[in-house]
Amino acid sequence: MDFSLNQEQRAWQEKARKFAAEEIAPLSLERDAILDPFDAFDWEIIKKGSKLGFRTAVISREQGGHDIDFVTQAIVMTELAKADSAISKTFSQCWKWSHLIAAVCNDDQKERFLEPFLADDTFVLGFGATEPNGGSDNRMPPPGDIRAGHRLAGRVEGDTMVLNGDKVFIANGSIAKLFFVYVRTDPTVPIGQGTTLMMVPRDTPGFRHGKVFNKSGWRFYQNAELIFENARLPMANMVGELNGALRRREGEIGGDLFGDLELAANGLGICDAACDKAIALVRARKNGGALKDQQLIQLKIGRMKMLTEALRSYVMRVAWEHDEHILSTNAGLAMNLATDIIQEVTEIGMEIFDHAGTPMDRGIDKLVRDTFIWSHLAGDSVQRMKVARRVLSEEKFNLI
Amino acid sequence: MYDLRLSEEQIAIRDMVRDFVAQDVFPIATKPERLEPFDTPLAIDLVDAASELGLRTLALPEDAGGAGADTLTCCIVAEELAAGDVDVASVLARTAALGGVLFNQLMNDEQRGRFLPAFVEDSRYHLALADREAGMETALGVDYHRDTGNRVDVATTARRNDRGEWVVNGEKTRVANAPLAKLFAVLVATDAGNGILLVPADAPGLTVTEVPRDGGWYVGSCGDVSFKDCAVPADNMLGPEAADLLAGPGSDFGLPEAQAINLGVGRAAFEAAMEYAGVRVQGGRPIVEHQAIGAKLAEVLINLETARNAIWQAAWTVDNPGAEPTGNFPPLPRAKISQVVTAERIYRATKDSAECFGAMGVMRDMPLQKYIHVSRVFLHTGDGNADTKLRIAEAATGFSHP
Amino acid sequence: MDFALTEEQRAWQMKARKFAEEEIKPITLERDQIADPVETFTWDIIKKGSKLGFRTSVLEKERGGPAIDYVTQAIVMAELARGDSAISKTFSQCWKWTHVIQALCTEEQKQRFLPAFLADDTYVMGSGGTEPGSGSDNRMPPDDPRAGMKLKAERDGDDWILNGDKVFIANGSIAKLFFVQARTDPTVRMADGITRFLVPRGTPGFRHGKVFNKSGWRFYQNAELIFENARIPDSLRVGEVNGARKKAAGDVSGDMFGDLELAANALGICDDACEKAISIVKSRQQGGQPLKDQQLIQLKIGRMKMLTEALRSYVMRVAWEHDQRIHSVNAGLVMNLSTDTGQEVTDLALDIFDRAGAPADPAADKLARDMYIWSHLAGDTVQRLKFGRNIIAHAA
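As the structure is a computational prediction, the values presented were derived from the model and not from experiment. (Residues numbered from 1 in each chain as written. Chains lettered and ligands numbered in written order. Predicted model: local features only at pLDDT ≥ 70, side-chain atom pairs only at ≥ 80, totals over all residues. Heavy atoms only, no water.)

> Break down the overall build of chain C for me, citing the residues and quoting the values.
Counting secondary structure elements, chain C contains eleven helices and ten strands. Radius of gyration (C-alpha) of chain C: 21 Å, near the 21 Å computed for a compact globule of 396 residues. Pairs at least 24 residues apart make up 76% of the contacts formed inside chain C by residues separated by at least 6 positions. Element-wise, carbon and sulfur atoms account for 50% of the exposed surface of chain C, whose accessible area totals about 15000 Å². Counting 53 positive and 55 negative side-chain charges, chain C places the centres of these two groups 1 Å from one another. (Helix = DSSP H or I, 4+ residues; strand = E, 2+ residues; numbered from the N terminus. Rg over C-alpha atoms; globule rule 2.2 N^0.38 Å. Contact = heavy atoms within 4.5 Å. Areas by Shrake-Rupley, 256 points an atom, 1.4 Å probe, with all protein chains shown as cover. Lys, Arg positive; Asp, Glu negative; His and termini not counted. Charge placed at Lys NZ, Arg CZ, Asp CG, Glu CD.)

Here it is, written out as structure tokens:
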């Protein structure tokens with residue numbers, strides 16, 4: 001048992017902390033206040049972070065990346081998120097899919113995509129699953145129901161696949177240069193057996209992005225519609241087997257398993273930001289009497305810190321499990337926990353600003369709005385039930 | 001004794017407002033451009049339309065041009081309007097409530113004769129209570145159950161001049177309805193203690209600065225009011241009971257109506273969620289037919305109805321002063337109890353309702369995130385919940401400040 | 001970063017797990033249901049556990065003990081608590097005071113008590129803090145000299161004379177040695193006027209009184225201690241006169257071992273609750289459908305597991321901090337968390353065992369009653385205020 005970081009991990013932590021404090025923090029609120037959701041994005045900060053390695057960090061050294069382990073990934077995501085959660089997510093979204101490139105792409109695909117990804121500071125990745133008809137159904141397909149789930153159709157014609165349909169809410173949708181898209185290549189069977197994963201470059205004919213969604217939180221993060229009108233893709237862009245995308249690979253850590261850790265680590269950064277703001281305010285302020293001497297304030301600060309440190313403990317444990325290739329339900333459970341904790345911590349933070357007599361603080365309001373996104377992608381009922389079903393299917397009772 | 005039935009008049013008013021909201025308010029209020037919480041101007045046309053229906057003068061007696069509405073009825077109307085547009089509801093509820101208290105209770109015949117006709121006839125005649133000042137610190141229970149006074153001093157002064165007029169000097173902040181008000185009831189400090197002075201909006205020396213909607217941290221209409229040697233006739237001072245009734249530490253004025261507005265917002269969120277959950281198919285059936293969603297919606301409904309109960313009890317207590325329903329405790333500050341209940345539960349209700357919408361629950365062109373934002377505003381502005389709970393504890397133990 | 005256990009830690013874990021399964025679980029409910037709070041206790045299980053090393057686990061190797069590290073302590077406490085929380089606590093209470101003896105006692109005091117402690121399977125230890133007029137005040141000493149502990153110790157030659165009472169004292173009716181805090185200077189505030197004494201059972205003028213009949217932790221013996229001109233030699237004083245409550249500057253740790261102890265114990269209760277709940281939903285049906293297929297059940301099971309694993313993560317981290325001699329607020333915070341987590345998890349278990357028209361499942365009910373004790377010693381408001389204050393004052 002060891003909760004400490006090694007030197008390399010500490011170095012990345014310092015680097016991320018510095019970038020977050022010096023480059024991200026100054027622009028976070030201003031970006032959030034921009035009304036147009038596309039304009040809320042800014043390439044400058046992405047380029048700066050990319051030059052420091054934050055975009056390509058998980059690619060192996062041999063392939064030109066930094067090969068950081070999962071513990072380091074978690075720490076970096078947390079440090080960046082402390083300054084701005086959505087900006088942190090923009091970077092880590094690239095890790096999510098670069099794990100996949102490294103793991104399952106063939107040499108041809110790696111050459112066509114990995115090299116430009118590494119070379120271009122503005123090469124970000126996206127992923128497309130959600131559709132108007134398929135949200136919860138994509139995550140927990142009703143058994144045997146062929147009408148349920150995503151419907152973006154893919155028709156194979158020789159060495160080309162023709163795509164027709166839409167995706168919505170797609171992360172980095174308006175700015176990514178490469179998307180991983182779930183395509184329904186066999187609509188006669190349920191999505192579990194009829195889905196193919198295709199790599200879709202931005203300049204694919206017949207493919208474009210549409211509306212950029214105007215979200216209440218995570219405003220920097222670009223969620224957009226993807227539109228496919230007879231879009232033509234070479235079959236060489238297929239990842240894995242035809243109709244094989246939703247069959248789970250042995251030992252695969254990328255995709256959702258990484259995504260669970262990602263959201264939990266990012267959320268932890270938000271908690272750290274909220275705790276710092278609240279404690280600083282409490283130390284400095286009076287409102288009738290010194291705030292720090294009020295019992296209700298003391299209880300709230302204690303609770304914020306307690307929940308934050310509990311989350312940190314679990315996040316680091318899950319990161320370690322990922323590094324040890326231990327597949328357990330902890331990743332999903334930690335993400336669900338993050339949803340609950342980050343919302344409670346930021347809400348309490350908001351109460352503390354109320355107590356201080358400055359209830360309309362933009363900073364804490366942004367944190368609350370950012371955390372609410374979790375309920376709409378990570379901690380909702382379907383995610384919780386999926387994990388619970390895995391817990392119930394475990395054969396023996398597994399303790400540490 | 002215990003009767004949950006509304007009177008025929010209450011039902012008639014409720015249904016009239018409900019129809020008005022469904023046909024005229026809701027379609028406008030839920031347009032995507034009006035759902036952006038940071039920068040939505042007040043829909044003054046809707047305020048005027050509601051005023052035409054008599055909702056501004058609701059609380060006046062029938063022979064004065066109103067509907068004789070009591071506090072409970074005003075709460076019912078506020079809830080219905082708020083389920084359509086929270087800002088429209090806030091403006092009207094404030095004017096109606098103030099109108100009721102000023103004209104029915106606090107003004108003398110002479111004052112009523114001067115102000116009532118214009119109030120009734122001008123459909124844009126709104127009222128504002130200017131009480132809050134920048135220096136007034138919320139006490140946060142620093143003085144909870146302590147003899148040390150931490151009483152609030154009013155810095156806005158009213159002094160008699162040679163002509164016997166009252167001359168007002170001071171600054172009031174975040175006054176609801178200030179940009180629209182034609183008449184202000186102003187909390188002032190005089191040589192004889194605090195009082196409420198009636199100041200028309202066109203009195204020289206009175207300036208209103210609208211508070212920007214940036215951030216959207218208020219509902220309705222809001223402005224700062226500045227008084228510089230602002231003179232009004234001697235007869236504009238209300239009687240000695242007015243200051244305590246409207247702005248004293250134990251005052252419940254306006255609380256039930258504000259809570260009813262919050263409830264209306266929560267109800268709108270619930271209705272939207274119920275409708276969507278009945279048609280959205282995932283997991284093979286409309287999601288309302290899944291336990292996970294069913295239980296959640298049930299909790300929303302429980303929260304709405306719990307809040308409603310608390311609010312209506314508080315409203316009834318305002319209309320029946322001195323009548324403590326149960327006799328279990330010293331008279332409880334019911335409007336403060338309902339404030340905590342409503343703020344916390346409606347916030348939970350809007351969030352849970354939004355969850356049914358998946359990603360759409362956080363999209364700015366959809367109403368759910370606005371309902372959440374509004375319920376958050378109610379939770380975090382005004383007297384904080386923590387302070388309110390301590391005031392309730394003081395009441396329960398019979399403690400009062402010197 | 002490493003959450004793995006060493007071979008030695010794993011060996012202790014398995015030893016404790018086996019003992020809990022084979023010896024503790026068979027008696028846990030039956031003990032809980034005995035009406036007389038004295039009769040709930042039995043020496044038999046203590047002796048059995050003692051022979052396996054669970055009573056003397058933290059005794060230093062030089063004294064003949066196994067000297068397990070804090071990570072192992074946490075694991076063993078959790079495993080034993082999975083069998084029965086109060087039985088686990090009876091063992092770990094001995095570790096608590098072993099730690100204190102080893103840290104604060106003189107060599108002469110250690111020689112006097114530790115050999116007997118090691119040799120006698122029925123040698124358990126107890127504390128002596130709480131009094132009728134001083135509970136929360138002991139944890140957060142007020143400035144008024146009239147407040148706080150009143151059990152007084154007055155100097156008489158080479159001895160001290162103790163007069164007063166203590167209540168709710170752990171192992172009060174069965175311990176052979178107590179660590180008693182007494183007021184040696186009533187003219188100053190409590191924090192500056194308390195001295196700690198070793199009080200062996202059998203000291204003339206000292207006896208135990210009533211054994212408290214608790215709703216949970218029924219095996220665990222909490223009793224009144226009565227001092228009527230009890231004479232204690234100065235050689236049994238631990239530390240400086242008036243020095244018992246003085247804290248090193250910047251020490252944010254609170255009752256360090258005790259915090260970890262309660263959190264690890266609660267973790268065991270959570271594991272027990274999860275295991276029972278998962279088992280029942282897999283086997284039980286309702287309306288022809290297995291319980292485990294019901295969404296609401298799935299959500300509850302998921303929540304129980306989520307909270308339990310979060311607690312485990314934090315407990316292990318704090319145990320590691322203890323082994324590194326890092327003294328942070330995390331010990332107190334994890335204890336507070338264990339109160340909230342344990343209570344929610346056991347309440348959810350009760351929900352899951354609910355059956356219309358039937359009484360609550362006795363095992364699930366016991367777990368909830370046991371967890372409720374935490375609000376009355378560990379997670380209560382005063383404990384939370386202390387850590388809130390520390391954080392505001394010291395957080396980096």
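> Talk me through the overall build of chain A; I want residue IDs and the actual numbers.
Along the backbone of chain A there are eleven helices and eight strands. Taking 400 residues into account, the globule formula puts the C-alpha radius of gyration at 21 Å, and chain A, at 21 Å, falls close to it. By principal-axis analysis of the C-alpha atoms, chain A measures approximately 75 × 50 × 40 Å. Expressed as a percentage of the 400 residues in chain A, the buried residues total 66%. For chain A, contacts bridging at least 24 residues in sequence account for 75% of all contacts bridging at least 6. Within the structure as shown, chain A displays about 13700 Å² of accessible surface, and the carbon and sulfur contribution to it stands at 50%. Averaging the locations of the 49 positively and 56 negatively charged side chains of chain A gives two centres separated by 3 Å. (Buried < 20%, exposed > 50% of the residue type's maximum accessible area, 1.4 Å probe, protein only.)

> An account of unusual backbone geometry is requested, with residue identities and associated values reported.
Residues and elements named next belong to chain A. At asparagine 243, a residue that is not glycine, the phi angle is positive and equals roughly 65°. Relative to the helices and strands, asparagine 243 resides in the loop between β8 (238-239) and α7 (256-284). Here histidine 325, not a glycine, exhibits a phi torsion of approximately 55°, which is positive. With respect to the helices and strands, the residue histidine 325 is situated in the loop between α8 (295-323) and α9 (330-355). Under the relative-accessibility criterion, histidine 325 is labelled exposed at 59%.

> Talk me through the pairing of strand β4 (residues 177-183) of chain C; I want residue IDs and the actual numbers.
A regular strand places its side chains so that they alternate between the two faces of the sheet. Residues and elements named next belong to chain C. Of all seven residues in β4, seven are buried, a share of seventy percent or more. By the alternation rule, side chains of β4 split into Leu177, Phe179, Gln181 and Arg183 and Phe178, Val180 and Ala182, which are all buried. Taken together, the seven bridges between β4 and strand β5 (residues 194-200) define a ladder with antiparallel strand orientation. Within the sheet, the bridge partner assigned to leucine 177 lies in β5 and is proline 200. (Pairing = 2+ DSSP bridges.)

> Can you tell me about the interface of chain A and chain C, naming the residues and giving the values?
By convention, interface size is frequently given as the accessible area that disappears when the constituent parts associate. At the interface, 45 residues of chain A touch 50 residues of chain C. With both sides pooled, the region where chain A packs onto chain C buries about 4700 Å², and carbon together with sulfur makes up 69% of that total. Linking chain A with chain C are four salt bridges, by the criterion used here. Among the salt bridges present, the one from A:Asp340 reaches C:Arg303, with a minimum N-O distance of 3.1 Å. For the side of chain A that touches chain C, the secondary-structure elements that each account for two or more residues are α7, α8, α9 and α11 (381-393) of chain A. Ranked by residue count, the leading element in the side of chain A that touches chain C is α8(A), at 18 residues. In the side of chain A that touches chain C, the residues fall into 24 nonpolar, nine polar and twelve charged. (Buried area = accessible area lost by both parts, 1.4 Å probe. Salt bridge = Lys/Arg side-chain N within 4 Å of Asp/Glu carboxyl O. Nonpolar A, V, L, I, M, F, W, Y, C, P; charged D, E, K, R; others polar.)

> Just give me the short version of the interface of chain B and chain A, but keep the residues and values in it.
Taken together, the contacts link 40 residues of chain B with 43 residues of chain A. Both sides together, the interface formed by chain B and chain A hides about 3500 Å², and carbon and sulfur atoms give 57% of it. Counting across the chain B and chain A interface gives one salt bridge. Close ionic contact of A:Glu347 with B:Lys351 constitutes a salt bridge, the shortest N to O distance being 3.9 Å. Scanning the region where chain B abuts chain A turns up eleven residue pairs in polar contact (both at pLDDT 80 or more). Ranked by residue count, the leading element in the side of chain B that touches chain A is helix α10 (residues 367-380) of chain B, at five residues. When its residues are assigned to classes, the side of chain B that touches chain A shows 17 nonpolar, twelve polar and eleven charged. (Polar contact = N/O pair within 3.5 Å; in protein donor to acceptor, adjacent residues only side chain to side chain.)

> A description of the side chain of B:Arg308 should follow, citing residues and the corresponding values.
Mapped onto the fold, B:Arg308 is located in helix α8 (residues 291-319). Residues contacting B:Arg308, with those up to four places away along its chain left out, are B:Glu79, B:Leu263 and B:Arg267.

> If you had to explain helix α4 (residues 86-106) of chain B to someone new, which residues and values would you point to?
Residues and elements named next belong to chain B. The end-to-end C-alpha distance of α4, which contains 21 residues, comes to 28 Å, matching closely the 30 Å that a straight helix rising 1.5 Å per residue would cover. Across the 21 residues of α4, 19 count as buried, placing the element largely inside the fold. Put simply, aspartate 85 is the residue that caps the front of α4, since its side-chain oxygen is 2.8 Å from the backbone nitrogen of aspartate 87. (Expected span 1.5 Å × (residues − 1).)

> Now, about the environment of A:Ile348: what can you tell me, with residues and values included?
Mapped onto the elements of the fold, A:Ile348 is located in helix α9. Taking the C-alpha atoms as reference, A:Ile348 lies 7.1 Å from A:Met304; in sequence the two are 44 residues apart.

> Give me the lowdown on the pattern of salt bridges, citing residues and values where you can.
All names here are of chain A. Enumeration according to the criterion identifies 86 salt bridges over all chains in this entry. The salt bridge partner of glutamate 44 is lysine 47, with a shortest N-O separation of 3.6 Å. Here the residue glutamate 44 and the residue lysine 47 both occupy positions in helix α2 (residues 43-51), the gap between them amounting to three residues, near one helical turn. A relative accessible area of 45% means that glutamate 44 is categorised as partly exposed.

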